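A look at the structure
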Amino acid sequence: MLRFLLTAALAVFATPGVAQSEKEVSCGYQAEVARAIQQARLDRVRERKVEEKILAGTPTWPDNYNRAIPLMVPWVYELPMKQVRDHDLGDAWNELCLKQ
């Protein structure tokens, strides 16, 4: 299930033929979204309130990356809390994104 959600979320931003530097920028923004969701979970924000909370904080990524929030929230909220605390989910997301 988590793999499916991750793949689906990555597919939202997949653009064949995009230059490597553009892909790195896009994956970087997606990683920022993942980190924001991770921080929301660490801050004990309820899953259904995460998008509202993140958008209220005026994120620095372009607006079109807000579409990834509802796709990524289940991935972060289904992980064991130990993984959420002990790992940078943004780095994990960035690594997977760059491999796509």
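Here the structure is shown first, and the text comes after it.
Residues numbered from 1 in each chain as written. Predicted model: local features only at pLDDT ≥ 70, side-chain atom pairs only at ≥ 80, totals over all residues. Heavy atoms only, no water.

**A word on unusual backbone geometry**
Condition: Helix and strand definitions here come from DSSP, where helices need a minimum of 4 consecutive H or I residues and strands a minimum of 2 consecutive E residues; each element is numbered from the N-terminal end. Exposure is judged per residue with a 1.4 Å probe applied to protein chains only, and the accessible area is read against the type maximum: over 50% gives exposed, under 20% gives buried, and values in between give partly exposed.
Even without being glycine, Arg44 reaches a positive phi, approximately 65°. By the secondary structure assignment, Arg44 is in the loop between helix 2 (20-42) and helix 3 (50-56). Take Arg44: its relative accessible area is 70%, and that puts it in the exposed class.

**Digging into the side chain of Asn66**
Convention followed: Whether two residues are in contact is decided by their heavy atoms: any pair within 4.5 Å suffices.
Position of Asn66 relative to the elements: it lies in the loop between helix 3 and helix 4 (69-78). The exposure class of Asn66 is buried, given its relative accessible area of 15%. The contact partners of Asn66, leaving out residues within four places of it in the chain, are Glu51, Leu55, Pro59 and Trp61.

**With respect to the nonpolar core**
Note the threshold: Definition used in this section: a nonpolar core is a set of buried Ala, Val, Leu, Ile, Met, Phe, Trp, Tyr and Cys residues joined via side-chain atoms within 4.5 Å.
The biggest cluster of nonpolar side chains holds 22 residues, and the ones touching the most others in it are Val33, Ile37, Val50, Ile69, Met72, Trp75 and Tyr77. Those elements that place two or more of their residues in this core are helix 2, helix 3, helix 4 and helix 6 (89-99). For this core, the leading source of residues is helix 4, giving six residues. Other than its neighbours up to four places away in sequence, Ile69 contacts Val33, Ile37, Glu51, Ile54, Leu55 and Trp61.

**Some words on the packing of helix 2 against helix 6**
What counts here: In this description, a line fitted to the C-alpha atoms serves as the axis of each element, helices being fitted only across the stretch in contact, and the angle between N-to-C directions of two axes falls anywhere from 0 to 180 degrees. Should an angle fall under 35 degrees it is taken as roughly parallel, and over 145 as roughly antiparallel, whereas 65 to 115 is taken as roughly perpendicular and any remaining angle as oblique. Here a crossing is called left-handed whenever its near helix is offset anticlockwise from the far helix by less than a right angle, and right-handed whenever the offset is clockwise.
Across the interface, helix 2 lies against helix 6 with an axial gap of 8 Å and an inter-helix angle of 150°. When the interaxial angle is binned, helix 2 and helix 6 end up roughly antiparallel. Taken as a pair, helix 2 and helix 6 cross one another with a handedness that is right-handed. Packed against helix 2, whose contacting residues are Gln20, Lys23, Glu24, Cys27, Gly28, Gln30, Ala31, Ala34, Arg35 and Gln38, the element helix 6 presents Leu89, Gly90, Asp91, Trp93, Asn94, Cys97, Leu98 and Lys99 at the interface.

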